[in-house]
There are 2 protein chains.
Amino acid sequence: MITVSEALEHLFSLVTPLGTETVPLAQAVGRVMAEDATAVRTQPPFAGSAMDGYGVRADEVAVGAKFKIIGESAAGRGFDGFVGPGEAVRIFTGAPVPEGVDFVVIQEDVDRFVNTITIERDPGDNANIRPAGNDFAAGFTLTAPRTLSPNEVALLAAMNIPEVTVYRRPDIALISTGDELVMPGDTPGPDQIIVSNTFGLKALFDRAGAVTRILPIAKDDPASVETVFELAEGADLVITIGGASVGDYDIVGQVAQELGMQQSFYKVKMRPGKPLMAGRMGEALMIGLPGNPVSAMVCGNVFVLPVVDALQGLPPAARPRQSAPLAAAIPSNGPREHYMRGRVENGRMTVFERQDSSLLSVLAEANALVIRPPEDGARQTGDLVEYLPI
Amino acid sequence: MITVSEALEHLFSLVTPLGTETVPLAQAVGRVMAEDATAVRTQPPFAGSAMDGYGVRADEVAVGAKFKIIGESAAGRGFDGFVGPGEAVRIFTGAPVPEGVDFVVIQEDVDRFVNTITIERDPGDNANIRPAGNDFAAGFTLTAPRTLSPNEVALLAAMNIPEVTVYRRPDIALISTGDELVMPGDTPGPDQIIVSNTFGLKALFDRAGAVTRILPIAKDDPASVETVFELAEGADLVITIGGASVGDYDIVGQVAQELGMQQSFYKVKMRPGKPLMAGRMGEALMIGLPGNPVSAMVCGNVFVLPVVDALQGLPPAARPRQSAPLAAAIPSNGPREHYMRGRVENGRMTVFERQDSSLLSVLAEANALVIRPPEDGARQTGDLVEYLPI
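This write-up is about the structure you can find in this document. (Residues numbered from 1 in each chain as written. Chains lettered and ligands numbered in written order. Predicted model: local features only at pLDDT ≥ 70, side-chain atom pairs only at ≥ 80, totals over all residues. Heavy atoms only, no water.)

## A short note on the overall build of chain A
The helix and strand inventory of chain A stands at seven helices and 28 strands. Relative to a compact globule of 390 residues, whose C-alpha radius of gyration would be 21 Å, chain A shows 31 Å and is clearly more extended. Summarising its shape, the C-alpha atoms of chain A cover approximately 95 × 50 × 40 Å along the three principal directions. Out of the 390 residues belonging to chain A, those deemed buried represent 56%. Long-range contacts, defined here as pairs at least 24 residues apart, represent 68% of the contacts in chain A between residues at least 6 apart. Distance from the positive charge centre (31 side chains) to the negative charge centre (48 side chains) of chain A: 3 Å. (Helix = DSSP H or I, 4+ residues; strand = E, 2+ residues; numbered from the N terminus. Rg over C-alpha atoms; globule rule 2.2 N^0.38 Å. Buried < 20%, exposed > 50% of the residue type's maximum accessible area, 1.4 Å probe, protein only. Contact = heavy atoms within 4.5 Å. Lys, Arg positive; Asp, Glu negative; His and termini not counted. Charge placed at Lys NZ, Arg CZ, Asp CG, Glu CD.)

What follows is the structure, given as C-alpha cells:
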C-alpha cells in the first residue's frame, strides 16, 4: 500500500493539462485562466477626483480664499481648459482633473454663491486626487494559471479584457457498479439500495469546473461493465465506483485492464478509501473509487478534486488544509491516515462519534475531514488538528 | 446615516422569499431546498455485511472452528435460506446478512478448502455487520431550508429522492450608470473608463444562486436611466451602480422615485460604500450601490449576498464572519465601520496597506474583508480580527 501523498504524486504523473478555449468575461468566473492577461491601458487613464467638490491650485487653498468657477469636469466629460490662479472648476467623483488643478476641495467645505466659492472650513492635507495609474499601469499583468474569482473578473473588465483564454472543462464520466444499485426514483427490490455516489460526486466535480456525466449503472458482470465503459468514450477522466475491493465480484479492474488500462497503483494506506485504483486508459485517466458512499465522497475530495484542478492547468497539489482547535478529545489513530468526518463551527472542530464509512447522514452534517496521521496519539480538547474543508 | 446591521434589517424587511420549483436531483447542488425531504425507506434496508468474508453464528466463532459453506450472499442477490449450526455463507460487502447469521469472519482470517472453511486467526469481537437502518430509518427527514451541498445531494439520492423542491433563482438586473463608462472590448475616449462592477457582481451573485443580467450602461441623463430601468422588467432585484452619491449628476434615485420606488434608506455608516440606497419598486426590490469599483463589490458581499440568500428562502442573516490573528499591526479606525481588504493565508491575516476604494488590483489579491468597528483602536500583531471571506 502507498500513502495518500504518494498516490497523489502518481495521479499527477498521469495528468496532462487539457486544451484551452476562449470564453466571454461574463462566463469566466470559476474557470482557470490559461494565459496571462495584460492591461493595454492605464487605470485610471487620467488623474481623477476622488470626491465631489471644486478643483483649485493647492498653493491657494486657505480658509476664506475665494475662487471664480470657470467650468465643470464631470465623469466622462472633462474640462479642457487651463485653471489659473483664483480660478476653480466644479468637479465630480471620477472626473478628470484639469490642467492647473492639484487640489480638490470637497463641496462640504465651501460656500458657493452663483459662480464664486469661498473655502469655509479647513480642507486638510488630502488633495482628493487619484493619480493616473493609481490602480494599475498599462502593461500590468494578471498571471495565469489562476481560478478566476468575482473580484478578478471585475479587475479583468477594468483592464479592458472582454474574453479570457481558459482551460477546457474536464469531461468526467461516472460509472457506478453493482447489482444491488438502482437509480433514485426507481423501486428497489428487497436486496437493493439506491445509488448515491454518482449524484454526490457529480455535484462535487461540477462545482470544481468539470462537466460530469452520470452513466448507466453497470451490473456485476464483465459484459455489462464493458458496455458502460464504452459509453465513457471521449471522457478526460473515467471514474468507477465500487468494484475496486477484493471480493469475487469486483470485476471493474479486470475489465478495465482487458480494455487497455495501465494500472498505476491499487490500494492506499488510508481510512476510509483503502481500495483506490488509478491508471491510464487510452487518452483518459481512470480512477476507481471504493463503493462505500462515504469512502467515495472522501476519495473524491482527497484525490479527484486535485486531479480536476491539475487537468485545468493548476499546479499539481493537494487542496490546502486548514486547522482548528478540537471542541472535544478524540482517541488515538491506527496505522492508516484517517479522514474523520467533523464539523467546524465558531472556529472549533467537533469530530463526529460515528465514523463508519456507510453513513451518509453523518457526512451530510460534516463540513470538514479531520486528517489524522498514522499512529497519531490521542488528542485533547483545544489541540489543533488539520482538516480539509468539504 | 444608519449602521450596517440596521441597513441589513431594512433590506430583509423588503424581502419576500421567491416561489419554488422542482429540479432533478442532478441539478440540485447549490440550490436552496424549500421543503423537508423524508426517506420512505430505511437505509440499509437490511442488516448488511461490512466486509468480504463468511457469515456464521457468533457463538460458534473460535480459532480452529470449521463450517460448511451452504450458499452465497452477494450485494443485490442475498441468500434466502437459514444458516444453521456448523454452516456458513460466503458473503460480500454490502450483501444482506442471511437469517441465522450474526457474525461475519473476514476472508483474511479463514482458510477455505472446497466447500469448507476453517477459522485460522482470532477474528476479534467486531461482527462486521451493519444493522438495518444504520444510516437512517424510514421517516428520516432532511429539513428545509438549506443550501444543498454535494454530500447532501448524495444523502438525498440514498433516501430515494429523485427530485427536489427548491426556491426559484433570483432574477437580478444590473444597471451601471455613467457617461464615463464603456463596455470591455470597446475603445474608450480619453475621459472614459471600462465598466467593471457589473461583471464582478454578476460573477458574485450567480455563484450564490442568482441568474444575473447585465443591462446596457445608462447615461447620466434621466431619459437614458428610465429606458434602462424598463429593461429590468420582471427582475426580482434591480441593482444600480453609481448615481447614488451626492453629485449633481447622480440622478438614479430621482428617476427611480419617479418610477414609483419607495425608498427605505439612503447612506450607511460604513467604509467603503457610504452612499447605499434601497427600496421597493413595484414587485422588485431595488438596491443602489456606490460607483467606486471596490465599494460596489464590498457592498455586493455585505448587503446583496444576504438578500440573495433571503430571496431563496434562507433565514435573513448576514453571511457568517470568521476570525484570524493579524500578521502585522494596523492603525485605529475612524467613526465608520470599515471593511478593509486583506488576505488570510496559513491562518494569519494581512491587511493591505492601500485601502483606496478605486483599487481593483488590490481587491483581486484579497480573500477577506476585515471588519473594523467604529472607533476601533489600533490592533497589534497577533490580535484576533473578524472578517468576511470573499
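From this point on, the discussion continues.
## Section: the relation of the copies chain A and chain B
Turning one copy of the chain about an axis and sliding it along that axis gives the other copy, so a rotation and a shift relate them. In the superposition of chain A on chain B (RMSD 0.0 Å, axial shift 0.0 Å), the rotation amounts to 180°. Here the two chains are linked by the operation of a two-fold rotation axis. By C-alpha distance to the rotation axis, the residue of chain A lying nearest is Arg 207 of chain A, at 4.9 Å. (Least-squares fit on C-alpha atoms with pLDDT ≥ 70 in both.)

## What to know about the sheet that holds strand β15 (residues 171-176) of chain A
Residues and elements named next belong to chain A. Ordered in space as β18-β15-β19-β23-β22-β20, the six strands form an open sheet in which the pairing is mixed. Strands with a single pairing partner mark the edges of an open sheet, and in this sheet they are β18 (211-214) and β20 (262-266). Averaged over all pairs of adjacent strands, the angle between their axes in this sheet comes to 20°, without regard to strand direction. Two strands pair when backbone bridges link them, and strand β22 (residues 277-281) and strand β23 (residues 284-289) are joined in this way by five bridges, in the antiparallel orientation. Within β23, the residue paired with Ala 278 across the bridge is Ile 287. Taken strand by strand, helix α3 (residues 197-207) contacts β15, β18, β19 (237-241) and β23, and its axis lies near 170° from that of β18. (Pairing = 2+ DSSP bridges. Axes fitted to C-alpha atoms, helices over the stretch in contact; angles between N-to-C directions.)

## A few points about the interface of chain A and chain B
How big an interface is tends to be stated in terms of accessible area lost as the parts join. Chain A puts 74 residues into the contact, and the matching count from chain B is 75 residues. Summed over both sides, the interface between chain A and chain B buries roughly 6,000 Å², with carbon and sulfur atoms accounting for 54% of that surface. Our count for the chain A to chain B interface comes out at four salt bridges. Its salt-bridge partner being Arg 130 of chain B, residue Asp 356 of chain A comes within 2.8 Å of it at the nearest N-O pair. Counting every contact that joins chain A to chain B gives 22 residue pairs in polar contact (both at pLDDT 80 or more). (Buried area = accessible area lost by both parts, 1.4 Å probe. Salt bridge = Lys/Arg side-chain N within 4 Å of Asp/Glu carboxyl O. Polar contact = N/O pair within 3.5 Å; in protein donor to acceptor, adjacent residues only side chain to side chain.)

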